[in-house]
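Topology and contacts: notes
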Amino acid sequence: MLTLDEIDALAEQAHAGQVDKLGVPYVGHVRAVAAGLAPFGAGLQMAGLLHDVLEDTELTAEDLLRAGVPGAVVATVQRVTRVAGVGYEEMIRQVAGDQAAALVKIADNAHNSHPDRTAGLAPASRDRLALRYRGAREVLWPAVPVADVRAVLELVNPHLLAELAATG
């Protein structure tokens, strides 16, 4: 089985040369997601590091298993991976049914919603994504204990804590 550091290296290699919408190396995003999952253990951090590899790279679930990624981590990564023919909202509803996957997606959503990441987007894109991510939070946050959501937000995007408090 691979260690957390080895999974980080695998994620870095898998996302080599990829950049986000702002031109920043993509591995920074997956590392931020993983950092937000630290309170929940190495397995969830591994899933955070790998949460986009099946969707955005040539790697398959079988490749991850052969490389020594724990099966539970691969299963979580598969749950948060978009599947052809399944819309975003349906995928979010499916993710919400699994606590580990919901936590990964909450951390992903929180990082994607961070003002530092959204400020550089065109206003139309920023507004469209803000609406999409807010809708996802309405489904994902109730799927896990509020203390767990708070723990992720404190690490990844404290700007969302006011929104969490407003949800009651």
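Refer to the preceding data block for the structure.
Residues numbered from 1 in each chain as written. Predicted model: local features only at pLDDT ≥ 70, side-chain atom pairs only at ≥ 80, totals over all residues. Heavy atoms only, no water.

1. Notes on the overall build of the chain
Tallying secondary structure elements over the chain gives 12 helices and zero strands in all. Along the chain direction, N to C, the helices and strands of the chain fall in the order α-α-α-α-α-α-α-α-α-α-α-α. What you see for the chain is a C-alpha radius of gyration of 15 Å, in line with the 15 Å of a compact globule of 168 residues. A total of 168 residues make up the chain; the buried ones form 45% of that total. Residue pairs at least 24 apart in sequence account for 64% of intrachain contacts in the chain once pairs closer than 6 positions are excluded. Summing over all exposed atoms, the chain offers an accessible surface of approximately 8100 Å²; the carbon and sulfur share of this is 55%. Separation of charge centres in the chain, based on 14 positive and 21 negative side chains, amounts to 6 Å. (Helix = DSSP H or I, 4+ residues; strand = E, 2+ residues; numbered from the N terminus. Rg over C-alpha atoms; globule rule 2.2 N^0.38 Å. Buried < 20%, exposed > 50% of the residue type's maximum accessible area, 1.4 Å probe, protein only. Contact = heavy atoms within 4.5 Å. Areas by Shrake-Rupley, 256 points an atom, 1.4 Å probe, with all protein chains shown as cover. Lys, Arg positive; Asp, Glu negative; His and termini not counted. Charge placed at Lys NZ, Arg CZ, Asp CG, Glu CD.)

2. Focus: the pattern of salt bridges
Opposite charge on two side chains lets them pair, provided their charged atoms get close. In total, this model carries eight salt bridges according to the counting rule given. Here Glu90 ties to Arg93 by a salt bridge, and the two come within 3.0 Å at their closest N and O atoms. Taken together, the positions of Glu90 and Arg93, both in helix H7 (residues 88-96) and three residues apart, correspond to about one turn of that helix. Under the relative-accessibility criterion, Glu90 is labelled partly exposed at 33%. Residue classification places Arg93 among the partly exposed residues on the basis of a relative accessible area of 48%. (Salt bridge = Lys/Arg side-chain N within 4 Å of Asp/Glu carboxyl O.)

3. Quick word on the packing of aromatic side chains
Under the defined criterion, the tally for this structure stands at zero aromatic pairs. Over the face of the ring belonging to Tyr88 we find Arg132, whose NZ or CZ atom lies 3.8 Å from the ring centre. (Phe/Tyr/Trp six-rings, centres within 6.5 Å; stacked < 30°, edge-to-face > 60°. Lys NZ or Arg CZ within 6 Å of the ring centre and 35° of its normal.)

4. Topic: the packing of helix H2 (residues 27-36) against helix H11 (residues 146-156)
Viewed as axis vectors pointing N to C, H2 and H11 meet at an angle of 135°, and their least axial separation amounts to 8 Å. Accordingly, the angle class assigned to the pair H2 and H11 is oblique. Both H2 and H11 take part in a crossing whose hand is right-handed. Side by side, H2 and H11 meet where Ala32, Ala35 and Gly36 of the first sit next to Val152, Leu155 and Val156 of the second. In terms of residue class, the contact of H2 with H11 is made up of five nonpolar, one polar and no charged. (Axes fitted to C-alpha atoms, helices over the stretch in contact; angles between N-to-C directions. Parallel < 35°, antiparallel > 145°, perpendicular 65-115°, else oblique. Left-handed = near helix turned anticlockwise from the far one by under 90°. Nonpolar A, V, L, I, M, F, W, Y, C, P; charged D, E, K, R; others polar.)

5. A word on the environment of Val80
Its place among the elements puts Val80 in the loop between helix H6 (71-79) and H7. For the pair Val80 and Ala101, spaced 21 residues apart in sequence, the C-alpha to C-alpha distance is 6.0 Å. Non-local contacts of Val80, meaning those with residues more than four positions away in its chain, are made with His51, Glu55, Met91, Val95, Ala101, Val104 and Lys105.

6. Quick look at helix H10 (residues 123-140)
Counted at 1.5 Å a residue, the expected span for H10 with its 18 residues is 26 Å, and the 25 Å between its end C-alpha atoms agrees. Within H10, burial applies to Leu129, Tyr133, Ala136, Arg137 and Leu140. Around the axis of H10, the buried residues are gathered within 100° of arc, so they sit on the same side. Residues of H10 that are exposed and point over 90 degrees away from its buried face: Pro123, Ala124, Asp127, Leu131 and Glu138. Buried positions along H10 lie against H7, helix H8 (99-112) and helix H12 (161-166). (Expected span 1.5 Å × (residues − 1). Arc of directions from axis to C-beta.)

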